[in-house]
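The residues making up each chain are set out below.
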Amino acid sequence: MVNNKLIKVCGMCEGENIREVESPDIDMIGFIFYPKSPRYLCEMPDYMPANARRVGVFVNEDKQTIEMFADRFSLDFIQLHGNESPEYCRSLQLSGLKLIKAFPIASRKDLQNVHNYSNFCKYFLFDTKCEQRGGSGNQFDWSILHIYKGRTPFILSGGINPYSAKALKEFQHPLLVGYDLNSRFEVKPGKKDAQRIHLFLNELR
């Protein structure tokens, strides 16, 4: 945790890279189980996080598959990036899974229905709207989030890069609990620049 904010690094694939990135500052490490993603994790890395919580990212996946991956990879959170309904989220929650529901944001209207998910999710994740369901490297207009008055805390995602520290420190919201780092900190899809991440977190302090 940095400045009382959760730090999540998403889209990791290689064991040695996970080991390099993992530190006391990293609260969550995300693994993408969506076959169309360039960061798709198709097999178990030879190292998995020992301290950071493990987040599995899924898009419109069936419940049984998610439960299988949650068990196999010892996932602490399930992050849903598709068109999953509140009822579907409720069924996963009743299975004992902790949920993060991602919402693509481009305008104020994209926040209209998020309250329907509040009872079933530990966190929301607000990301840039794009065709590939995240990982676009582009930032949306964070000021849109000032209309969000819900009760579910959110993680900010979408285009956060090594030069974002000043803007992040200036953006304040009572329900903002963390930041999601992904494509802008990569050497290639699925492989992160650990030094760049740690320098950024130092600047964020």
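Residues numbered from 1 in each chain as written. Predicted model: local features only at pLDDT ≥ 70, side-chain atom pairs only at ≥ 80, totals over all residues. Heavy atoms only, no water.

Q: Hey, could you run me through the side chain of Asp-110 in this one?
A: Locating Asp-110 in the fold gives a position in the loop between β5 (99–105) and β6 (123–128). Residue classification places Asp-110 among the buried residues on the basis of a relative accessible area of 16%. Only 2.7 Å separates the side chain of Asp-110 from the backbone nitrogen of Ala-106, close enough to count as a polar contact. Every residue in contact with Asp-110, bar those within four places of it in the chain, is listed here: Pro-104, Ile-105 and Lys-129. (Helix = DSSP H or I, 4+ residues; strand = E, 2+ residues; numbered from the N terminus. Buried < 20%, exposed > 50% of the residue type's maximum accessible area, 1.4 Å probe, protein only. Polar contact = N/O pair within 3.5 Å; in protein donor to acceptor, adjacent residues only side chain to side chain. Contact = heavy atoms within 4.5 Å.)

Q: Got a minute to help me understand the pairing of strand β3 (residues 53–58) in this structure?
A: Within β3, five of the six residues are buried, leaving the element largely enclosed by the surrounding structure. The sheet contact formed by strand β2 (residues 28–32) and β3 spans five bridges and is parallel. Note that in β3 the partner of Met-28 across the bridge is Arg-53. Note that the unit made of β3, helix α2 (residues 63–72) and strand β4 (residues 77–80) has a crossover that is right-handed. (Pairing = 2+ DSSP bridges. Right-handed = clockwise from strand over helix to strand, strands pointing away.)

Q: Help me understand the pattern of salt bridges in this model?
A: Here the idea is simple: oppositely charged side chains can pair when their charged atoms come close. Under the counting rule described, the total for this entry stands at ten salt bridges. Measuring nitrogen to oxygen at the nearest pair gives 3.4 Å for the salt bridge that ties Lys-101 to Glu-84. Of the two residues, Lys-101 sits in strand β5 while Glu-84 sits in the loop between β4 and α3 (86–94), which places them 17 residues apart along the sequence. The exposure classification of Lys-101 matches that of Glu-84, with both residues buried. For Lys-166, the salt bridge is made with Glu-170, and the minimal N-O distance between the two is 2.7 Å. Residue Lys-166 and its partner Glu-170 are located together in helix α4 (residues 165–170), separated by four residues, close to a single helical turn. Residue classification places Lys-166 among the exposed residues on the basis of a relative accessible area of 57%. On the basis of relative accessibility, which here comes to 53%, the residue Glu-170 falls in the exposed class. Where salt bridges share partners, they join Arg-39, Glu-186 and Lys-192 into one cluster. (Salt bridge = Lys/Arg side-chain N within 4 Å of Asp/Glu carboxyl O.)

Q: Just checking my understanding: could you explain the packing of aromatic side chains for this structure?
A: Each aromatic ring pair is specified by the distance between its two centres and by the angle formed by the two planes. In the structure shown here, the tally under the stated rule is 16 aromatic pairs. Measuring from ring centre to ring centre gives 5.3 Å for Phe-33 and Phe-58, while their planes differ by 20°; the resulting arrangement is stacked. Of this pair, Phe-33 sits in the loop between β2 and β3 while Phe-58 sits in strand β3, and the two are 25 residues apart along the sequence. Like Phe-33, the residue Phe-58 is buried in the burial classification. (Phe/Tyr/Trp six-rings, centres within 6.5 Å; stacked < 30°, edge-to-face > 60°.)

Structural measurements only, silent on function.
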